Amino acid sequence: QVQLVESGGGLVQAGGSLRLSCAASGRTFTTYTMGWFRQAPGKEREFVAATRWSSGSTYYAYYADSVKGRFTISRGNAKNTVYLQMSSLKPEDTAVYYCAATQFQTMDLRGVDYWGQGTQVTVSS
């Protein structure tokens, strides 16, 4: 059974940092694109960042414009773990953050094969 389990959410002041982790199990995720979405109250779920397999052990990272330069996504050595380092956090970053995995190169909401249960990130002003 495939599972994606997030951790690392919490409450932080504006300007602070948090690191989210997602551990995937139940299959091999080496060539899967893994990433993060978020959903704020009353809003649609939106893409945040993803890391897709390029070749060998090389992965390519890409980001939503709203987090570029502030968030960094990375894969763990075992390639079934993905991290999201969030810095310079803003109140508008407040949301439930979901880990996601897809067999496709592009991380698109409709193409996600597996979802985590979500972790709350709250940024106070």
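(A) Representation of unusual backbone geometry in the model. At S88, a position not held by glycine, the phi torsion is positive, near 50 degrees. Locating S88 in the fold gives a position in the loop between β8 (81–86) and β9 (95–102). In this structure S88 comes out as partly exposed when scored by relative accessible area, which is 40%.

(B) Structural detail: the side chain of T51. Tracing the sequence through the fold places T51 in strand β5 (residues 46–55). Setting aside its immediate chain neighbours within four residues, T51 contacts Y32, T33, M34, Y59, Y60, A61, I73, R75 and V82.

(C) Spatial organisation of the pattern of salt bridges. A complete count under the given rule lists five salt bridges for this structure. The residue R38 makes a salt bridge to E46 at a minimum N-O spacing of 2.7 Å. Residue R38 is classed as buried on the basis of its relative accessible area of 5%. Exposure remark for E46: the relative accessible area of 36% places this residue in the partly exposed category. Between R110 and D108 there is a salt bridge, with its nearest N and O atoms 3.3 Å apart. Exposure remark for R110: the relative accessible area of 76% places this residue in the exposed category. Residue classification places D108 among the partly exposed residues on the basis of a relative accessible area of 30%.

Procedures and definitions
- Numbering of residues starts from 1 in every chain and runs along the sequence as written.
- In keeping with the model being predicted, local features are shown solely for residues with a pLDDT of at least 70 and side-chain atom pairs are shown and tallied solely at 80 or more, while totals for entire chains, interfaces and linings include all residues.
- Hydrogens and waters are ignored; side-chain quantities use all the structure's heavy atoms.
- Elements are defined by DSSP. Helices are runs of H or I of four residues or more, strands are runs of E of two residues or more, and each kind is numbered from the N terminus.
- To sort residues, take the accessible area from a 1.4 Å probe on protein chains only and compare it with the maximum for the residue type: under 20% means buried, over 50% means exposed, and anything in between is partly exposed.
- Two residues qualify as a contact provided that any one of their heavy atoms is within 4.5 Å of a heavy atom in the partner residue.
- Here, a salt bridge means any side-chain nitrogen of Lys or Arg that lies within 4 Å of a carboxyl oxygen of Asp or Glu.

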